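In case you want the letters, here they are:
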Amino acid sequence: MASWHDGLAAPPRVLISPRPSDASARGNVLSLRHPRSGDETGYLFIDGQLQEINWFKERYGSWFLGDYVCEDGGLYYCTPVDPIFIFLPTFEAARMSNGKDPGKFRQLDEILYVEGYPGYQQLMNVAGHHMELVCEVKEVANMKFFRLDDSKVLSWLCCKVHNLKEVFPKLGKNYAAQVEKEQLKEAVQMIREYLKDEPWLSLLCKKLHCRLDTNEIINDVTTKTNEASFYADSAPAPAPLSESKAANSSKGRPAKKPKVEVGSKNIKDMFRRVTRSGSGS
């Protein structure tokens, strides 16, 4: 847990994040685009892993940080996210495909140059390793060129859906009693948190060959993304974390000019909500 103390331009905040393997290492807080909404979202890059920054706040609460009382009881916490979800819109735009033209092969430094978002370039090493799963790759003179491949993306998405579906029977008897189509629908709704409806959601529904209706997925998903504990209706907006080195000890310090990240939820959070609803059955 990281806490920042008074005497600074920004008020103290509480961040729960993975402890780095090297005690002297520090994670980087990055501002990236959310893969579905395109909104600016906070991520923590630590030990080669990308963690999504989420925000939680109950109606009443404060933090005691040493001898300091932090009036805002909001909590930032980090959960893992698959980097392919984050890179997918960027790689899709970079290939500049048109109709039946599959698009261009481009180098990583070109693809990951996103105006206003320098955080992408800090993920250069991670991007190359992960995106080979969903891209065609050509190597010329020891340089790699990438082009997103729709068929590989859909195979990867189907694998994600089926992995999620396999977990449902363990979440409670209500989920275990679901027919296969209902389980697939539930899994696709979770995946949709990180996908644009066009083209990926539509293509995924067709690829699964189970007559999933895209409109039904879209209409039903809103009832599954509300949770009272996030208290977005009446709670104040979360205070910003900075795009800088994130402390993982009480010695951390925020940057003087913080940038606001947009609160968001990831697939792990959704599993937590599903588990809660299933445990009462």
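Thresholds applied
- Residues numbered from 1 in each chain as written.
- Predicted model: local features only at pLDDT ≥ 70, side-chain atom pairs only at ≥ 80, totals over all residues.
- Heavy atoms only, no water.
- Helix = DSSP H or I, 4+ residues; strand = E, 2+ residues; numbered from the N terminus.
- Buried < 20%, exposed > 50% of the residue type's maximum accessible area, 1.4 Å probe, protein only.
- Axes fitted to C-alpha atoms, helices over the stretch in contact; angles between N-to-C directions.
- Parallel < 35°, antiparallel > 145°, perpendicular 65-115°, else oblique.
- Left-handed = near helix turned anticlockwise from the far one by under 90°.
- Contact = heavy atoms within 4.5 Å.
- Nonpolar A, V, L, I, M, F, W, Y, C, P; charged D, E, K, R; others polar.
- Phe/Tyr/Trp six-rings, centres within 6.5 Å; stacked < 30°, edge-to-face > 60°.
- Polar contact = N/O pair within 3.5 Å; in protein donor to acceptor, adjacent residues only side chain to side chain.
- Core = buried A, V, L, I, M, F, W, Y, C linked by side-chain atoms within 4.5 Å.
- Pairing = 2+ DSSP bridges.
- Salt bridge = Lys/Arg side-chain N within 4 Å of Asp/Glu carboxyl O.

Asker: Which parts of the structure should I look at to understand the overall build of the protein?
Answerer: In terms of helices and strands, the protein carries nine helices and 11 strands. Across the 281 residues of the protein, 47% fall into the buried class.

Asker: For this particular structure, what's the right way to read the packing of helix α1 (residues 83-95) against helix α4 (residues 150-167)?
Answerer: Think of two packed helices as two axes; the pair is described by the angle between the axes and how far apart they sit. Two numbers describe how α1 lies on α4: the axes approach to 13 Å, and their chain directions differ by 165 degrees. With respect to α4, the element α1 is oriented roughly antiparallel. Between α1 and α4 the crossing geometry is left-handed. Within the contact between the two elements, α1 uses Ile84, Phe85, Leu88 and Arg95 and α4 uses Asp150, Val153, Trp156, Leu157 and Lys160. The residue inventory of the contact of α1 with α4, partitioned by class, reads six nonpolar, no polar and three charged.

Asker: In this structure, what is going on with the packing of aromatic side chains? I would like to understand it.
Answerer: Geometrically, a pair of aromatic rings is defined through the distance of the ring centres and the angle of the planes. Under the counting rule described, the total for this entry stands at five aromatic pairs. Ring geometry for Phe85 against Trp156: centres 4.8 Å apart, planes inclined by 55 degrees, an arrangement best described as tilted. Taken together, the residues span a long stretch of sequence, with Phe85 in helix α1 and Trp156 in helix α4 at a distance of 71 residues. Overall, Phe85 belongs to the buried group, its relative accessible area being 2%. Each ring, one from Phe91 and one from Phe146, has its centre 6.4 Å from the other, and the planes form 85 degrees; the classification is edge-to-face. Here Phe91 is found in helix α1, whereas its partner Phe146 is found in strand β10 (residues 143-148), with 55 residues between them in sequence. Side by side, Phe91 and Phe146 carry an identical accessibility label, which is buried. Site record: aromatic cluster; members linked through ring pairs are Phe85, Trp156 and Tyr194.

Asker: In this structure, what is going on with the side chain of Asn54? I would like to understand it.
Answerer: One can find Asn54 in strand β5 (residues 49-56). Polar side-chain contacts of Asn54 include one of 3.1 Å to the side chain of Thr79.

Asker: How should I be thinking about the packing of α1 against helix α3 (residues 124-131) in this particular structure?
Answerer: Taken N-terminus to C-terminus, the directions of α1 and α3 make an angle of 90 degrees; their axes are 10 Å apart at the nearest point. Here α1 lies roughly perpendicular to α3, going by the angle between them. Only Val126, Ala127, His130 and Met131 of α3 make contact with α1, whose side of the interface consists of Pro83, Ile84, Phe87 and Phe91. Of the residues in the contact of α1 with α3, the class split is seven nonpolar, one polar and no charged.

Asker: I would appreciate a short explanation of the nonpolar core in the present structure.
Answerer: General note: in soluble globular proteins, nonpolar side chains tend to be found buried as a group. Formed by 51 residues in total, the largest nonpolar core has its most connected members in Phe87, Phe91, Leu148, Leu157 and Leu204. Listed in part, the eight residues of the second largest apolar core include Leu15, Leu44, Ile46 and Tyr76.

Asker: Is there a simple way to explain the environment of Glu52 in this structure?
Answerer: For Glu52, the location among the structural elements is in strand β5. Taking the relative accessible area as the measure of exposure, Glu52 reaches 0% and is therefore buried. Placed 10 residues apart in sequence, Glu52 and Gly42 show a C-alpha to C-alpha distance of 6.4 Å. Here the side chain of Glu52 touches Tyr194 through a polar contact of 2.5 Å, side chain to side chain.

Asker: In this structure, what is going on with unusual backbone geometry? I would like to understand it.
Answerer: The bulk of non-glycine residues show a negative phi, and the bulk of peptide bonds are trans. With omega at 5 degrees, the peptide bond leading from Glu198 into Pro199 counts as cis. As for its position among the elements, Pro199 is in helix α7 (residues 197-207). Residue Ala141 is not a glycine yet carries a positive backbone phi of 50 degrees. When its relative accessible area of 64% is taken as the criterion, Ala141 is described as exposed. The residue Asn142 is not glycine, and still its phi comes out positive at about 65 degrees. Mapping Asn142 onto the fold places it in the loop between β9 (135-140) and β10.

Asker: Looking at this structure, how should I read the pairing of β10?
Answerer: Side chains on a regular strand alternate between the two faces of the sheet. When β9 meets β10, the two strands line up antiparallel, connected through six bridges. Bridge pairing links Cys135 to Leu148 in β10. Between β9 and the antiparallel strand that follows it, β10, lie two residues; Ala141 among them carries a positive phi value of about 50 degrees.

Asker: How do you make sense of the pattern of salt bridges when you look at a structure like this?
Answerer: Any two side chains of opposite charge can pair if their charged atoms end up close together. For the structure shown, the criterion picks out seven salt bridges. Notably, a salt bridge pairs Arg36 with Asp197, separated by 3.0 Å at the nearest N-O pair. With Arg36 in the loop between β3 (27-33) and β4 (40-46) and Asp197 in helix α7, this pair connects stretches of sequence that are 161 residues apart. We classify Arg36 as partly exposed; its relative accessible area is 26%. Taken together, the shared-partner salt bridges connect Arg36, Arg192 and Asp197 into one network.

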